[in-house]
Amino acid sequence: MTAHGILAMWHDCEVGREEEYEVWYQTEHLFERLGVPGFLFGRRHEAVSGSPRYFNYYVTETPDVLTSEPYLARLNEPTPLTRSVMSKAFKNMSRTVCRRPSSAGRFRGS
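Residues numbered from 1 in each chain as written. Predicted model: local features only at pLDDT ≥ 70, side-chain atom pairs only at ≥ 80, totals over all residues. Heavy atoms only, no water.

**Here's the deal with the sheet that holds strand 3 (residues 54–60)**
No. 1: Read from one edge to the other, the open sheet built from four strands follows the order 2-3-1-4, with strand pairing classed as antiparallel. Both edges of this open sheet fall to strand 2 (39–46) and strand 4 (90–100), since each of them pairs with a single strand only. The sheet shows a mean angle of 15° between the axes of neighbouring strands, taken without regard to direction.
No. 2: Note: strand 1 (residues 4–13) against strand 4, nine bridges, orientation antiparallel. Following the sheet pairing, A8 is matched in strand 4 by T96. (Pairing = 2+ DSSP bridges. Helix = DSSP H or I, 4+ residues; strand = E, 2+ residues; numbered from the N terminus. Axes fitted to C-alpha atoms, helices over the stretch in contact; angles between N-to-C directions.)

**What to know about the side chain of H11**
No. 1: Here H11 is to be found in strand 1.
No. 2: Side-chain polar atoms of H11 contact the side chain of N56, separated by 3.4 Å.
No. 3: If we skip the residues at most four places from it in the chain, H11 touches Y21, P52, R53, Y54, N56, F90, K91, N92 and M93. (Polar contact = N/O pair within 3.5 Å; in protein donor to acceptor, adjacent residues only side chain to side chain. Contact = heavy atoms within 4.5 Å.)

**Points about unusual backbone geometry**
No. 1: That bond from S51 to P52 is cis: its omega, 5°, falls within 30 degrees of zero.
No. 2: Within the secondary structure, P52 is located in the loop between strand 2 and strand 3.
No. 3: One non-glycine residue with positive phi stands out, namely N92, at about 55°.
No. 4: Under the relative-accessibility criterion, N92 is labelled exposed at 55%. (Buried < 20%, exposed > 50% of the residue type's maximum accessible area, 1.4 Å probe, protein only.)

Pasting the structure below:
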C-alpha cells in the first residue's frame, strides 16, 4: 500500500479580515487545491478557544504530490485574492508535510 501524503497547517487570522479569509477559502482556495492532480480531500477545523485558531489539512495520493509541478505552479503563481489573504489575513502559520503509512476504519462527515 502506498502511503498517503498530508499537508497540515496551523494558523490564525488577522482580526477584521475573517470575512475575506472565509470567502477566499470557501470559493477559491479549497477548490483550487482539490483541482491539483493527486489531492484527495481537504478539511478545516476551528478551535473553540486559544491559538492557533485554524487547523487545515489536505490528504494527497502520495507525499510526492506536494512537490509536483502542478502543485508548485499554484504556489508560485498565486491568484490576486490568495496574495491578499496570505499577506494580510494569515498570521502565525506553521505547516508541515507528513506521510500516512496506514489508516483504519472509514471516515464520514467533516
